[in-house]
Amino acid sequence: LSGWNVEWAVERRELLRARYLEALLALAEGTLREGQPAAALAWFQQALAADPYLEAACIGVLRCYLAMDQPAAALAAYRQYAARLERDLGLQPSAEARALYEVILQAQNRSAS
């Protein structure tokens, strides 16, 4: 339906896209709960590839990196996401994402010590 711009096709395309993203997030969350952060990270990254502004996916990426004890990678991912939001949409990450950023900074400081 990507070439069709009639109302019903646009609505259907958006519905399918939303379901796809929901499925990716559900897979990622379940995989993370099962104690497989590296596999969950791949699902979250796939969701971000489909929607680079999907904050739930970004937060998931950060949680995965923390679970894998990679705070530097988490910091880089957060900063990239925050820069994309600001540059493209003129927005800042949510309070939840900023709070997680603070947790990541603390983890980074502990690992640097």
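Residues numbered from 1 in each chain as written. Predicted model: local features only at pLDDT ≥ 70, side-chain atom pairs only at ≥ 80, totals over all residues. Heavy atoms only, no water.

Asker: Is there a simple way to think about the overall build of the protein in this case?
Answerer: Across its full length, the protein holds 5 helices and 0 strands. Going from N to C terminus, the protein has its helices and strands arranged as α-α-α-α-α. Along the three orthogonal principal directions, the C-alpha set of the protein runs to about 60 × 35 × 20 Å. For the protein, the residues scored as buried account for 35% of the 113 residues in total. (Helix = DSSP H or I, 4+ residues; strand = E, 2+ residues; numbered from the N terminus. Buried < 20%, exposed > 50% of the residue type's maximum accessible area, 1.4 Å probe, protein only.)

Asker: Which parts of the structure should I look at to understand the pattern of salt bridges?
Answerer: Two side chains bearing opposite charge may form a pair once their charged atoms approach each other closely. Under the criterion given, the structure shown has 3 salt bridges. Between Asp51 and Arg17 there is a salt bridge; the shortest N-O distance is 3.6 Å. Taken together, the positions of Asp51 in the loop between α2 (37–50) and α3 (55–67) and Arg17 in helix α1 (residues 7–33) put the pair 34 residues apart, joining distant regions of the chain. Under the relative-accessibility criterion, Asp51 is labelled buried at 14%. (Salt bridge = Lys/Arg side-chain N within 4 Å of Asp/Glu carboxyl O.)

Any functional reading would require information that these geometric values do not contain.
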